[in-house]
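# Commentary on secondary and tertiary structure
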Amino acid sequence: MISHTPHEPFCRSLPGRIRLEFAGLQQNKRKEADLRRELALLPGIVAVDASAVTGRVLIRYDERLLSEPELRRRLAELERAFAEQAAAAPGEQAAGPSAMAAEPEAGPRAMAGRPAGG
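Residues numbered from 1 in each chain as written. Predicted model: local features only at pLDDT ≥ 70, side-chain atom pairs only at ≥ 80, totals over all residues. Heavy atoms only, no water.

## Considering the packing of aromatic side chains
In this structure the tally under the stated criterion is one aromatic pair. Considering the side-chain rings of Phe-22 and Phe-82, the 6.0 Å spacing of their centres and the 85 degrees angle between planes classify their relative orientation as edge-to-face. Of the two residues, Phe-22 is situated in the loop between β2 (17-21) and α1 (29-40) and Phe-82 in helix α2 (residues 68-88); the sequence distance between them amounts to 60 residues. In this structure Phe-82 comes out as buried when scored by relative accessible area, which is 0%. (Phe/Tyr/Trp six-rings, centres within 6.5 Å; stacked < 30°, edge-to-face > 60°. Helix = DSSP H or I, 4+ residues; strand = E, 2+ residues; numbered from the N terminus. Buried < 20%, exposed > 50% of the residue type's maximum accessible area, 1.4 Å probe, protein only.)

Pasting the structure below:
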């Protein structure tokens, strides 16, 4: 009997550095650019390298300004926001803040900028 376990997303981290899979990033250049732009807005982010080829993102950050659990929470919010936008606009390859210009509070940027616990 073959058992099938759900795919667990790739994630590796060291102090001040995290590399992980980001849902919907693979083969999506627009989401790659949008993700880089959104993450760069977070306080404490030092560098972002998103890859539409691998579907992964490497983030270097200052642990004094941004904890790993908070960064992971923000990434999960961004994944949800991007997925919701893609579902709302199925004809587009990806949706980022530029696609939500008329409704800025609904875009990933609004999600990423929310304070913890709010």
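Next comes the rest of the account.
## Describing the pairing of strand β4 (residues 56-61)
Of the strand pairs in this sheet, β2 and β4 are connected by five bridges, and their pairing is antiparallel. Within β4, the position partnered with Leu-20 by the bridge is Val-57. Pairing geometry for strand β3 (residues 45-51) and β4, over six bridges, is antiparallel. What sits directly across from Val-48, in β4, is Ile-59. Counting the residues between successive antiparallel strands, the hairpin from β3 to β4 contains four residues, one of them, Gly-55, with a positive phi of roughly 80 degrees. (Pairing = 2+ DSSP bridges.)

## Here we look at the confidence of the model for the protein chain
The predicted model of the protein chain averages 78 in pLDDT, with 69% of residues at 70 or higher. This model gives residues 97-118 a pLDDT under 50, and the stretch forms 43 contacts once residues within four places in sequence are excluded. (pLDDT = per-residue confidence, 0-100. Contact = heavy atoms within 4.5 Å.)

## Considering the sheet that holds β2
In a beta sheet, neighbouring strands pair by backbone hydrogen bonds and run either parallel or antiparallel. Taking strand neighbours across the sheet as the criterion, the four strands line up as β1-β2-β4-β3 in an open arrangement whose pairing is antiparallel. A strand with exactly one partner marks an edge of an open sheet, and here the two such strands are β1 (11-14) and β3. Sheet twist, expressed as the average angle between the axes of neighbouring strands with direction ignored, equals 10 degrees. Running over the sheet, α1 touches β3 and β4 and is turned about 170 degrees from β3. (Axes fitted to C-alpha atoms, helices over the stretch in contact; angles between N-to-C directions.)

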